[in-house]
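An overview of the molecular structure
In case you want the letters, here they are:
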Amino acid sequence: AKNVGILAMDIYFPPTCVQQEALEVHDGASKGKYTIGLGQDCMAFCSEVEDVISMSLTVVTSLLEKYGIDPKQIGRLEVGSETVIDKSKSIKTFLMQIFEERGNTDIEGVDSSNACYGGTAALFNCVNWVESSSWDGRYGLVVCTDSAVYAEGPARPTGGAAAIAMLVGPDAPIAFENKLRGSYMSHAYDFYKPNLASEYPVVDGKLSQTCYLMALDSCYKLLCSKYEKLEGKQFSIADADYFVFHSPYNKLVQKSFARLVFNDVMRNASSVDEAGKQKLEPFSSLSGDESYQNRDLEKASQQVAKPLYDAKVQPSTLLPKQVGNMYTASLYAAFISVLHNKHSELSGKRVVMFSYGSGLTATMFSLQLHDGQHPFSLSNIATVMDVAGKLKARHEFPPEKFVEILKLMEHRYGGKDFVTSKDCSLLPPGTHYLTEVDSMYRRFYSKK
Ligand code: ACO
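Rules and cut-offs
Residues numbered from 1 in each chain as written. Predicted model: local features only at pLDDT ≥ 70, side-chain atom pairs only at ≥ 80, totals over all residues. Heavy atoms only, no water. Salt bridge = Lys/Arg side-chain N within 4 Å of Asp/Glu carboxyl O. Helix = DSSP H or I, 4+ residues; strand = E, 2+ residues; numbered from the N terminus. Buried < 20%, exposed > 50% of the residue type's maximum accessible area, 1.4 Å probe, protein only. Near = heavy atom within 4 Å. Polar contact = N/O pair within 3.5 Å; in protein donor to acceptor, adjacent residues only side chain to side chain. Areas by Shrake-Rupley, 256 points an atom, 1.4 Å probe, with all protein chains shown as cover. Nonpolar A, V, L, I, M, F, W, Y, C, P; charged D, E, K, R; others polar. Phe/Tyr/Trp six-rings, centres within 6.5 Å; stacked < 30°, edge-to-face > 60°. Lys NZ or Arg CZ within 6 Å of the ring centre and 35° of its normal. Pairing = 2+ DSSP bridges. Contact = heavy atoms within 4.5 Å. Axes fitted to C-alpha atoms, helices over the stretch in contact; angles between N-to-C directions.

To continue, consider the pattern of salt bridges. Between side chains of opposite charge, a pair can form as their charged atoms come close. Considering all chains together, one arrives at 20 salt bridges under this definition. Two residues, Glu 65 and Lys 447, come together in a salt bridge whose shortest N-O distance is 3.8 Å. In this pair, Glu 65 is assigned in helix H3 (residues 52-66) and Lys 447 in strand S17 (residues 443-447), connecting sequence segments 382 residues apart. A residue is classified by how much of its surface remains accessible, and Lys 447, at 44% relative accessible area, is partly exposed.

Structure representation (structure tokens):
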């Protein structure tokens, strides 16, 4: 199989959301802290009738319908998620309902989890399967689904929720450049979920930022050296058209891209002009550790990076700023934002992706884009996903109502023997929703 990659995509995020500006006031944070300080506009959240299973049922059904894919054509289904509903039964098995009723129970794959990285692991598994000798000619399907919720405090505005489905196969308009990859994996306690009685993570916010940037540096250096071995010339930011980052909140994405610019200056690569180099060279003597904490370097590199950021990163920021951190779906929602904003001018373009999951696991990899043929064309993918329509159809909730819903969910987490309100009035037609969890913890869903 040649040019293996993503043939089709779809995204679902809850229509229920809260404005960051309103949340600042509600939380008593200083004005601009969430909107400018974190760079976030709005945050989606699951109401009491939605969860990671309902969202993934919705997005898989929608993808199959909109691209005319027979469920029998799926040979592998992989789910990435860090939202634990069951410690044994995978989310994949819930999704099997869609395939079973059409007579397809011959589907490999289960769930992958490590914080926000599970979706990337799932995607790599599917791509590797299509390229392997065990491939049977059918499609792979990857689902990233998460509901990111935090306890009251500074991390709460960095939540979000979404599910994304990606169809994987050969001759893809979004093809993997498999040789251009670098990973960084190590043991860290930056963000983890040791308390099985709570949906909330334990998080060391500052450490998680440093871990993220260290992993980024390391992956970028590896990707550069692999490119140089392969192509016999230096790699720099100039060699990719877009850089797409896992996006817990936009400020970290700004800092991350600035870090790549700093890397290029230190490597004496050609992407930065003389004036930029002069601004950043004074920081060349800092040790690695010092450079992560240095505020002047952070400011100077963000300033030097600004024009490149506007061209190569800004188009990926729409959904992460509007929906929030979608954990495993966050990187792919950022990529979808590029498709939404630029679909008619992406043929021949290279996109560098950076996936990060706390704990920690990270990979930088590269995609090569081609227009593709209907229904698997970049323009059709953008049309099917209808990002603008979905954003417009949302319902803003006041922060008080958002907090009330989180309290109810805390109470219900891990619980049994309850029925939901079954109120699906705000959900778009075709959306799956939770109706009941019975005395045996079995979950029941309906479709609007
Ligand atoms: N106007 C403008 N900017 C402001 C204002 C204001 N009124 N007040 C504060 N800020 C800025 C700060 O200067 C800071 O920006 P800087 O980093 O450029 O200096 C920013 O807002 C954040 O404020 P802090 O006080 O530094 O941080 P806070 O204690 O609010 O916590 C954090 C932020 C750590 C991101 C927290 O939300 C968190 O822990 N989130 C979850 C962890 C996370 O997402 N980590 C990322 C990688 S791991 C993952 O994906 C889960």
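Back to the write-up after that little detour.
Right, let's get into the site of the ligand. Taken together, 26 residues sit near the ligand, with Lys 33, Ser 208, Lys 251, Lys 255 and Arg 295 positioned nearest. Gly 32 places a main-chain nitrogen or oxygen 3.5 Å from a nitrogen atom of the ligand. Gly 37 is positioned such that a nitrogen or oxygen atom in its backbone is 3.5 Å from a nitrogen atom of the ligand. Compared with its free state, where it exposes 1,000 Å², the ligand has 79% of that area covered by protein. Secondary-structure elements contributing two or more residues to the shell around the ligand are helix H2 (33-37), helix H6 (205-231) and helix H7 (250-266). Here the shell around the ligand gets four residues from one element, more than from any other, and that element is H6. Taken together, the residues of the shell around the ligand break down into ten nonpolar, ten polar and six charged.

Before going further, it helps to spend a moment on the packing of aromatic side chains. What characterises a pair of aromatic rings is the spacing of the ring centres plus the angle enclosed by the ring planes. Taken as a whole and assessed by the stated rule, the structure comprises 17 aromatic pairs. Judged by centre distance (5.3 Å) and plane angle (80°), the ring pair of Tyr 212 and Phe 354 falls under edge-to-face. You can see Tyr 212 sitting in helix H6 and its partner Phe 354 sitting in strand S12 (residues 350-357), a full 142 residues away along the chain. As far as the burial class goes, Tyr 212 and Phe 354 line up, both buried. Taking the centre distance of 4.8 Å and the plane angle of 70° together, the rings of Tyr 227 and Phe 235 count as edge-to-face. The class of Tyr 227 is buried, set by a relative accessible area of 5%. A network of ring pairs unites the aromatic residues Phe 45, Phe 397 and Phe 402 as a single cluster. Sitting over the ring of Phe 94, Lys 89 keeps its end group 4.5 Å from the ring centre. The ring of Phe 124 is capped by Arg 181, whose NZ or CZ atom sits 3.9 Å from the centre of that ring.

Read across the open sheet, the three strands follow the order S15-S16-S17; overall the sheet is antiparallel. The sheet is open, and its two edges are formed by strand S15 (418-419) and S17, each paired on a single side. Sheet topology places S15 next to strand S16 (residues 432-437); two bridges connect them, and they run antiparallel. Residue pairing in the sheet places Phe 418 in a bridge with Val 437 of S16. Where H3 meets the sheet, its contacts fall on S16 and S17, and the angle it forms with S17 comes to roughly 40°.

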